[in-house]
Amino acid sequence: MESHEDIARILLRYRAFLIATHVLPDGDAIGSTLGLGFGLQKTGRRVVLSCPGGLPDSLSFLPGSNRIVTPDRISGEFDAAVILDSSDLDRIEGIASRIPSGVPVINVDHHVTNKMFGTYNYVDPGAAAVGEQVYRILTAMRVPVDRDMATCLFTAVGTDSGFFRFSNTSPTTLRIAARLVEKGAEPFRISEQVYETKTLGSLKLLGRVLDTLQTDEAGKVAWVEVRREWLSEFGVDEGQTEGFVNYPRMVKGVEVALLFRESAEGKIRVGMRSRGDFDVSALAEAFNGGGHSRAAGCSVEATSLEDARQAVLRKVYEMMAAAR
Ligand code: 5GP
Ligand code: MN
């Protein structure tokens, strides 16, 4: 395992980079990609930034967001690839096959479930966001952080910590955030863009989804469902269901919150949240997914939402019984 200082030294050996992050990217994925991209550019390096499927509207306010291309548009040579916020290579989908063998892969991530797929791995589950790790790397490289970089990295750290409400928020998270504000990040503007600016359709969809909210008999597990036809009905893409899984978690007494969504590939996407000791990263791993102990996800091969729910609930109860 490499430290942030090791990664700083390693990055300085190369001239051109592919920087890539996971499908259905969140603020940490995009903020870290842009922050590192700008930082490497300042040292005279060339960068290509990529993410499968493009990015959600809610993050298009970030400076440089239009530079992030889909895998089919990756062009030019690069002599190293940096993969951010992805616990395995499946998360970057078609990008993985665009990395020639022999090109070193630098894996920077904070998921406990990380598969250590890189030539070099800097994996820190103690970091609230990859944005924290990128900040450390850039600091070790002595790259000055400008306003745009600060905005991107603050978005990364702010969103993955739920704006400093989640259990992953540490003194270091807050110190790095404070530094980024000193460098020009504006928390009120960022939170307004990310959390307070929704399309009418996505709010209407939330209403429909909240109607599906249920708990089990014991009131320990709660879930919501998103049917595929609702997305077209409300003119909403799947990225706009981000955050919906937080509602079942709010139900008093609930320990495990789940969101089941019919996805394009005929699979069921499952978002998972925990409020307590239950480790949803282990639950997600049982279905080949991954994540953090309190926030994780996976795709389940199932023909209906009901089948997926039964399979996941069965595993939840099995794990709860084993923990007793
Ligand atoms: P979200 O529910 O916000 O999409 O994801 C919660 C956390 O779980 C994030 O850190 C995300 O990267 C991770 N995650 C979500 N889905 C998957 C998946 O299918 N595979 C893996 N490895 N991680 C996932
Ligand atoms: Mn993250």
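Computed from a prediction, not measured in an experiment: that's the story for all the values here.

Caption draft 1: Looking closely at the overall build of the protein. Helix and strand counts for the protein come out as 11 helices and 12 strands. Compactness check: the protein gives a C-alpha radius of gyration of 19 Å against a globular reference of 20 Å for 324 residues, within 12% of the reference. A principal-axis box enclosing the C-alpha atoms of the protein has dimensions of 60 × 40 × 40 Å. By residue count, 54% of the 324 residues in the protein fall in the buried class. Look at the contacts in the protein between residues 6 or more apart in sequence, and 66% of them connect residues 24 or more apart. A total of about 14,600 Å² of accessible surface is found on the protein, and carbon and sulfur atoms cover 48% of it. The distance from the centre of the 37 positive side-chain charges to the centre of the 42 negative ones in the protein is 4 Å.

Caption draft 2: Quick peek at the pairing of strand β6 (residues 120-123). Covered by surrounding structure in β6 are Tyr-120 and Tyr-122 together with Asn-121 and Val-123, the residues of both alternating faces. In this sheet, β6 lies alongside strand β5 (residues 105-109) in parallel orientation, the contact comprising 4 bridges. Bridged to Asn-107 within β6 is Asn-121.

Caption draft 3: Seen up close, the domain arrangement of the protein. Segmentation of the protein into domains returns domain 1 (4-195) and domain 2 (200-323). Taking only C-alpha atoms, the centre of domain 1 and the centre of domain 2 are 26 Å apart. Tallying the contact residues gives 9 residues for domain 1 and 12 residues for domain 2. The contact between domain 1 and domain 2 buries some 900 Å² in all, and 51% of this surface belongs to carbon and sulfur atoms.

Caption draft 4: How the structure looks around the packing of aromatic side chains. Overall, the coordinates contain 4 aromatic pairs when judged by the stated rule. An angle of 65° between the planes, with centres 5.8 Å apart, marks the rings of Phe-154 and Phe-164 as edge-to-face. Of the two residues, Phe-154 is situated in helix α4 (residues 147-160) and Phe-164 in the loop between α4 and α5 (171-182); the sequence distance between them amounts to 10 residues. The class of Phe-154 is buried, set by a relative accessible area of 2%. Given the relative accessible area of 23%, Phe-164 is considered partly exposed.

Caption draft 5: Quick look at the pattern of salt bridges. A complete count under the given rule lists 16 salt bridges for this structure. The closest approach of N and O atoms between Glu-233 and Arg-208, which form a salt bridge, is 2.8 Å. Note that Glu-233 is positioned in helix α8 (residues 228-234) and Arg-208 in helix α7 (residues 200-210), a separation of 25 residues in sequence. Linking Arg-227 and Glu-225 is a salt bridge whose minimum nitrogen-to-oxygen distance equals 4.0 Å. If you follow the salt bridges from partner to partner, you end up with Glu-225, Arg-227, Glu-262, Glu-306 and Arg-309 in one network.

Caption draft 6: Molecular detail of a nonpolar patch on the surface. A cluster of nonpolar side chains, namely Leu-210, Leu-213, Tyr-247 and Met-250, defines an oily patch on the protein surface of about 330 Å² accessible area. Tracing the sequence through the fold places Leu-210 in helix α7.

Caption draft 7: Fine view of the state of the cysteines. The tally for this structure, following the rule as stated, stands at 0 disulfides. In this structure Cys-152 is a free cysteine whose sulfur lies 14 Å from that of Cys-51, the closest cysteine sulfur available. Its sulfur unpaired, Cys-298 is 20 Å from the next cysteine sulfur, which belongs to Cys-51.

Caption draft 8: The sheet that holds strand β2 (residues 46-50), seen in detail. If you trace the 6 strands from one edge of the open sheet to the other, you get β3-β2-β1-β4-β5-β6, paired in parallel fashion. Among the strands making up the open sheet, the edge pair consists of β3 (68-69) and β6. Two strands pair when backbone bridges link them, and β2 and β3 are joined in this way by 2 bridges, in the parallel orientation. What sits directly across from Ser-50, in β3, is Val-69. Here helix α1 (residues 4-11) sits on the sheet and contacts β1 (16-21), β4 (80-84), β5 and β6; the angle it forms with β6, its principal contact strand, is near 140°. Helix α3 (residues 130-140) contacts β4, β5 and β6 of the sheet and is inclined by roughly 120° relative to β5.

Caption draft 9: Expanded view of the nonpolar core. Residues Leu-11, Phe-17, Ile-19, Leu-36, Val-82, Ile-106 and Leu-180 are the most contacted members of the largest nonpolar core, which totals 45 residues. Apart from residues no more than four positions distant in its own chain, Ile-106 is found in contact with Ile-7, Ile-10, Leu-11, Ala-80, Ala-81, Val-82, Ile-83 and Tyr-120. Residues Phe-260, Leu-283, Phe-287 and Val-312 belong to the second largest nonpolar core, which totals 24 residues.

Parameters at a glance
Residues numbered from 1 in each chain as written. Chains lettered and ligands numbered in written order. Predicted model: local features only at pLDDT ≥ 70, side-chain atom pairs only at ≥ 80, totals over all residues. Heavy atoms only, no water. Helix = DSSP H or I, 4+ residues; strand = E, 2+ residues; numbered from the N terminus. Rg over C-alpha atoms; globule rule 2.2 N^0.38 Å. Buried < 20%, exposed > 50% of the residue type's maximum accessible area, 1.4 Å probe, protein only. Contact = heavy atoms within 4.5 Å. Areas by Shrake-Rupley, 256 points an atom, 1.4 Å probe, with all protein chains shown as cover. Lys, Arg positive; Asp, Glu negative; His and termini not counted. Charge placed at Lys NZ, Arg CZ, Asp CG, Glu CD. Pairing = 2+ DSSP bridges. Domains from an automatic or database assignment. Buried area = accessible area lost by both parts, 1.4 Å probe. Phe/Tyr/Trp six-rings, centres within 6.5 Å; stacked < 30°, edge-to-face > 60°. Salt bridge = Lys/Arg side-chain N within 4 Å of Asp/Glu carboxyl O. Patch = residues over 30% accessible without salt bridge, like charges linked within 9 Å, V, L, I, M, F, W, Y side chains within 5 Å. Disulfide = S-S within 2.5 Å. Axes fitted to C-alpha atoms, helices over the stretch in contact; angles between N-to-C directions. Core = buried A, V, L, I, M, F, W, Y, C linked by side-chain atoms within 4.5 Å.

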